[in-house]
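# Notes for the structure review
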Amino acid sequence: MCPPEHFGVLYEINPWMHQEVAVDVDRARDQWETLASTLGDAGAEVETMAPQPGLPDIVFTANAGIVNRDCFVPSRFRHPQRQGESPHYTAWFAEHGFRIAELPGSVSHEGAGDALPFRSVLLSGYRFRSDAAAHVALSELAGVPVRPVELADDRFYHLDLTFCPLDERRALVAPAAWDSYGRKVVEALVPEPLPLDADETAAFVANSVVVGTNIVMPACPARIGRQLEAWGFDVVVVDVSEFQKAGGACRCLTLALDVALP
Ligand code: ARG
């Protein structure tokens, strides 16, 4: 995670961002601290990196890249506004003993924000931020099969706003945000999906962090909470509304480091 010292909505690169909407910096700091401590209570060990002036979105570490064991594949950001984050992420991973494996310069891919492991594959969303053309290289570098899912709604421009793996069989899914082929890919992959409706998807319910059987969510409608509890999960809701002004929630604010792709 990266503290929100320099966080704000200073440009607009997704439909949620409006520069005229002010971010309450103290509130953002409190929400971020609560998220970090809640993840700690859920059993995660939280590592942090230094915030950087002029890079307000560096708080969204999900977009740093793809982690697999000791290998880190840095993102290639679509928008120039975020491209300056990459050297900072790469430096952090190099300092922490990861091997850096670079994607070719010609493709965009926004890391774990657009690629989530499920069973034996990496599900990778493309169109708004990541290119389908990145998938061959990503598959080779990460050493895992990649299944592409085309994102179809620009409000849900990253896969992690539409898909949240829960365990080997279950995931929160927002099929309306994918094209028909993407829906088939997920249908074939996930034995027990929990579909989100339009309002739930727009409340960023899929942008949740799973730590064992604990799920840390930006919002949890009663219907969803009942199903998750019936499946044996414990839900904690953390208000990250300041970050939603920039189009991100709980999961975007984190990057899992203990990933071992099959
Ligand atoms: N403002 C950021 C952007 O548009 C938000 C990133 C959210 N991250 C995510 N993994 N969905 O790039």
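Structure report, in brief. Only a predicted model underlies this, so the values are computations on that prediction, with no experimental measurement involved.

### Observations regarding the sheet that holds strand β8 (residues 170-173)
By way of backbone hydrogen bonds, the strands of a sheet pair with one another, either parallel or antiparallel. Sheet architecture is open: three strands sit in the order β7-β8-β9, paired in mixed fashion. Here the strands that pair on one side only, and so sit at the sheet edges, are β7 (163-165) and β9 (192-195). Shown here is a sheet whose adjacent strand axes are inclined to one another by a mean of 20°, direction ignored. Of the pairings in the sheet, the one linking β7 to β8 comprises three bridges and is antiparallel in character. Across the sheet, C164 pairs through a bridge with L172, a residue of β8. Where helix α7 (residues 222-230) meets the sheet, its contacts fall on β8 and β9, and the angle it forms with β9 comes to roughly 160°.

### Concerning the pairing of strand β1 (residues 65-68)
Looking at chain direction, β1 and strand β2 (residues 71-74) are connected through four bridges and run antiparallel. Among the inter-strand pairings, I66 is bridged to a residue of β2, identified as V73.

### Here we look at unusual backbone geometry
Positioned with a positive phi, R119 is a non-glycine residue whose angle comes to about 50°. Position of R119 among the secondary structure elements: in the loop between β4 (115-118) and β5 (121-126). A positive phi angle is found at R127, which is not glycine, with a value near 130°. Mapped onto the elements of the fold, R127 is located in the loop between β5 and α4 (135-142).

### Points about the sheet that holds strand β11 (residues 214-217)
Across the sheet, which stays open at both edges, the three strands sit in the order β10-β11-β12 with mixed pairing between neighbours. The sheet is open, and its two edges are formed by β10 (209-211) and β12 (234-237), each paired on a single side. The mean angle between the axes of side-by-side strands here comes to 20°, regardless of whether they run parallel or antiparallel. Running over the sheet, helix α1 (residues 25-41) touches β10, β11 and β12 and is turned about 175° from β11.

### With respect to the packing of aromatic side chains
As enumerated under the stated definition, the model contains ten aromatic pairs in all. Note on F72 and F93: the rings are 3.7 Å apart at their centroids and 5° apart in plane angle, and the pair reads as stacked. Of this pair, F72 sits in strand β2 while F93 sits in helix α3 (residues 86-95), placing them 21 residues apart in sequence. Like F93, F72 is buried. A network of ring pairs unites the aromatic residues F72, W92, F93 and F98 as a single cluster.

### Details of the site of the ligand
Taken together, 16 residues form the shell around the ligand, and within it N14, R82, R129, D160 and A246 come nearest. Here H158 contributes a side-chain N or O atom positioned 2.9 Å from a nitrogen atom of the ligand. In the model, a nitrogen atom of the ligand is placed 2.7 Å from a nitrogen or oxygen of the D160 side chain. Calculation on the ligand without its partners gives an accessible area of 350 Å², and the protein chains cover 100% of this total. Among the residues making up the shell around the ligand, the classes are represented as seven nonpolar, five polar and four charged.

### Remarks on the pattern of salt bridges
Going through the model one piece at a time under the given rule, you end up with 15 salt bridges. Across the pair D131 and R78 runs a salt bridge, and its minimum N-O distance is 2.7 Å. Of the two residues, D131 is situated in the loop between β5 and α4 and R78 in the loop between β2 and α2 (80-83); the sequence distance between them amounts to 53 residues. Relative accessible area serves as the criterion here: at 26%, R78 is assigned to the partly exposed category. One continuous salt-bridge network, built from bridges that share partners, spans R27, D239, E242 and K245.

### A short note on helix α5 (residues 180-189)
If you check which residues of α5 are buried, you get G182, V185, V186 and L189. On an axial view of α5, the arc spanned by its buried residues comes to 90°, and they lie on one face. Residues K184, E187 and A188 are exposed on α5 and point more than 90 degrees away from its buried face. Those residues of α5 that are buried lie in contact with β4, β5, β6 (146-150), β7 and β8.

Procedures and definitions
- Residues numbered from 1 in each chain as written.
- Predicted model: local features only at pLDDT ≥ 70, side-chain atom pairs only at ≥ 80, totals over all residues.
- Heavy atoms only, no water.
- Pairing = 2+ DSSP bridges.
- Helix = DSSP H or I, 4+ residues; strand = E, 2+ residues; numbered from the N terminus.
- Axes fitted to C-alpha atoms, helices over the stretch in contact; angles between N-to-C directions.
- Contact = heavy atoms within 4.5 Å.
- Phe/Tyr/Trp six-rings, centres within 6.5 Å; stacked < 30°, edge-to-face > 60°.
- Buried < 20%, exposed > 50% of the residue type's maximum accessible area, 1.4 Å probe, protein only.
- Near = heavy atom within 4 Å.
- Polar contact = N/O pair within 3.5 Å; in protein donor to acceptor, adjacent residues only side chain to side chain.
- Areas by Shrake-Rupley, 256 points an atom, 1.4 Å probe, with all protein chains shown as cover.
- Nonpolar A, V, L, I, M, F, W, Y, C, P; charged D, E, K, R; others polar.
- Salt bridge = Lys/Arg side-chain N within 4 Å of Asp/Glu carboxyl O.
- Arc of directions from axis to C-beta.

That is the geometry; function is a separate question.
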